Amino acid sequence: MLTIDIITIFPGMFTPVISASIIKRARDKKKVKIRVHDLRDYTKDKHRKVDDRPFGGGPGMVMMPQPIFDAVKKIKGRRRARVILMCAGGRCLDNRKIKALAKRQNLIIICGHYEGVDERIMKIVDERISIGDYVLTGGELPALVVTDGVIRHIPGVLGKAESLEDESFEHGLLEYPHYTRPAKFKGMPVPKVLLSGNHKDITAWRRQQSLARTRKVRPDLL
Ligand code: 21W
């Protein structure tokens with residue numbers, strides 16, 4: 001079973017997300033074990049301090065190395081684990097990276113916060129990952145994005161209906177448009193071909209729609 005250990009100063013942010021939907025089902029089916037650790041449990045002072053002012057000056061606070069070192073050491077034990085730092089300055093996440101992570105046995109994800117993390121923790125970090133070029137308040141939501149993305153690639157997690165085969169990033173195109181009942185809604189009909197029952201025509205139409213959409217919205221994918 002894949003184990004994901006998450007180190008954070010906001011453990012409460014994870015509970016609702018990992019207790020819902022496909023993540024919950026994967027946990028119930030024993031496909032993944034997710035443990036959330038409060039970084040403050042690894043502090044050594046009575047105020048449970050995890051951050052301090054930056055050497056060299058500047059705005060904001062920096063996460064201290066000691067609680068993170070101790071947390072990773074304790075959580076890792078004698079296992080082998082991939083240690084990931086969620087960090088705005090990391091390599092950008094994509095489907096390929098998610099699939100590679102899903103093949104591992106143990107992931108330890110550190111959620112950065114404040115202005116950043118003391119650079120010396122890179123000694124125990126294997127890779128830094130960002131989820132895109134926009135600024136968030138911390139690494140918690142990005143850690144959930146990685147967790148969600150990885151879990152759906154574990155064999156047996158998705159049902160046939162949710163299968164990965166047909167998915168947009170698998171063939172490098174955006175998805176074709178979807179329709180369900182009713183066949184006419186507020187005067188808007190469903191494209192005739194989808195009601196034709198001709199699966200060859202339907203496949204061709206979907207492919208053409210995928211291509212047209214990709215050319216318009218994400219030409220970089222072509
Ligand atoms: C964002 C911390 C920006 C520090 C000079 C002075 C983790 C994230 C994060 C955060 C900065 C991810 C600056 C996409 C994200 C994360 C918090 C740098 C600017 N420069 N993926 N101040 N986006 N964000 N501060 O924000 O920790 S993964």
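For the structure itself, look to the data block above.
Quick caveat, the model's predicted, so the values are computed rather than measured. (Residues numbered from 1 in each chain as written. Predicted model: local features only at pLDDT ≥ 70, side-chain atom pairs only at ≥ 80, totals over all residues. Heavy atoms only, no water.)

If you tally the helices and strands in the protein, you get 7 helices and 10 strands. In summary, the protein has a C-alpha radius of gyration of 22 Å against a globular reference of 17 Å for 222 residues, an excess of more than 25%. C-alpha extents for the protein along the principal axes are approximately 70 × 40 × 30 Å. The proportion of buried residues among the 222 residues of the protein is 37%. Here the contacts in the protein between residues at least 6 apart in sequence split such that 75% fall between residues at least 24 apart. Here the protein has roughly 14,100 Å² of accessible surface; of this, 54% comes from carbon and sulfur atoms. Here the protein contributes 43 positively and 25 negatively charged side chains, and the mean placements of these two sets differ by 5 Å. (Helix = DSSP H or I, 4+ residues; strand = E, 2+ residues; numbered from the N terminus. Rg over C-alpha atoms; globule rule 2.2 N^0.38 Å. Buried < 20%, exposed > 50% of the residue type's maximum accessible area, 1.4 Å probe, protein only. Contact = heavy atoms within 4.5 Å. Areas by Shrake-Rupley, 256 points an atom, 1.4 Å probe, with all protein chains shown as cover. Lys, Arg positive; Asp, Glu negative; His and termini not counted. Charge placed at Lys NZ, Arg CZ, Asp CG, Glu CD.)

The subject of this paragraph is the pattern of salt bridges. Where side chains of opposite charge bring their charged atoms close, a pairing between them can arise. Under the defined criterion, the tally for this structure stands at 12 salt bridges. Here R35 ties to D5 by a salt bridge, and the two come within 2.8 Å at their closest N and O atoms. Linking R35 in strand β2 (residues 32–38) with D5 in strand β1 (residues 2–8), this pair joins segments that are 30 residues apart in sequence. In this structure R35 comes out as partly exposed when scored by relative accessible area, which is 31%. Taking the shortest distance from any N to any O, the salt bridge between E119 and R128 comes out at 2.8 Å. Residue class for R128 comes out partly exposed when judged on its relative accessible area of 28%. Through salt bridges with shared partners, a single ionic network connects D5, R35 and R79. (Salt bridge = Lys/Arg side-chain N within 4 Å of Asp/Glu carboxyl O.)

With parallel pairing, 5 strands are arranged side by side in an open sheet as β2-β1-β6-β5-β8. Taken across any chain shown, the strands that pair with only one partner, and hence form the sheet edges, are β2 and β8 (127–130). Ignoring which end each strand starts from, the neighbouring axes of this sheet average 30 degrees apart. Packing of helix α4 (residues 95–102) onto the sheet brings it into contact with β5 (82–92), β6 (106–111) and β8, and relative to β8 it is tilted by some 135 degrees. (Pairing = 2+ DSSP bridges. Axes fitted to C-alpha atoms, helices over the stretch in contact; angles between N-to-C directions.)

This next bit is on the site of the ligand. As a structural note, the neighbourhood of the ligand is formed by 17 residues, with Y114, E115, I131, Y134 and L136 the closest of them. A distance of 3.0 Å is found between a nitrogen atom of the ligand and a backbone nitrogen or oxygen belonging to I131. Y134 is positioned with one of its backbone polar atoms (N or O) 2.8 Å from a nitrogen atom of the ligand. A total of 590 Å² of accessible area belongs to the ligand in isolation, and the protein chains cover 70% of it. Those elements that place two or more of their residues in the shell around the ligand are β5 and β8. Residue contributions to the shell around the ligand peak at 3 residues, all from β5. Taken together, the residues that form the shell around the ligand break down as 10 nonpolar, 6 polar and 1 charged. (Near = heavy atom within 4 Å. Polar contact = N/O pair within 3.5 Å; in protein donor to acceptor, adjacent residues only side chain to side chain. Nonpolar A, V, L, I, M, F, W, Y, C, P; charged D, E, K, R; others polar.)

Before going further, it helps to spend a moment on helix α3 (residues 65–76). Relative to the 16 Å expected for 12 residues at 1.5 Å per residue, α3 spans 16 Å between its end C-alpha atoms, a close match to the ideal helical length. If you check which residues of α3 are buried, you get P67, I68, A71, V72 and I75. Taken end-on, α3 shows its buried residues confined to a sector of 125 degrees, consistent with a single buried face. Facing away from the buried side of α3, by more than 90 degrees, are the exposed residues K73 and K74. The elements touched by buried residues of α3 are β1, β2, β4 (62–63), β5, β6 and β7 (116–117). Two residues or fewer after α3 comes G77, characterised by a positive phi angle close to 60 degrees. (Expected span 1.5 Å × (residues − 1). Arc of directions from axis to C-beta.)

Our focus in this paragraph is the side chain of N106. For N106, the location among the structural elements is in strand β6. The class for N106 is buried, based on a relative accessible area of 13%. A distance of 2.8 Å separates polar atoms of two side chains, one belonging to N106 and the other to R79. Aside from chain neighbours lying at most four places away, what touches N106 is L2, T3, R79, R80, A81 and R82.

Before going further, it helps to spend a moment on a nonpolar patch on the surface. On the surface, F10, M13 and L141 cluster together into a nonpolar patch covering about 260 Å² of accessible area. Relative to the helices and strands, F10 resides in the loop between β1 and α1 (15–18). Judged by relative accessible area, which is 38%, F10 ranks as partly exposed. (Patch = residues over 30% accessible without salt bridge, like charges linked within 9 Å, V, L, I, M, F, W, Y side chains within 5 Å.)

Fair warning: the whole summary comes from geometry, so function is off the table for now.
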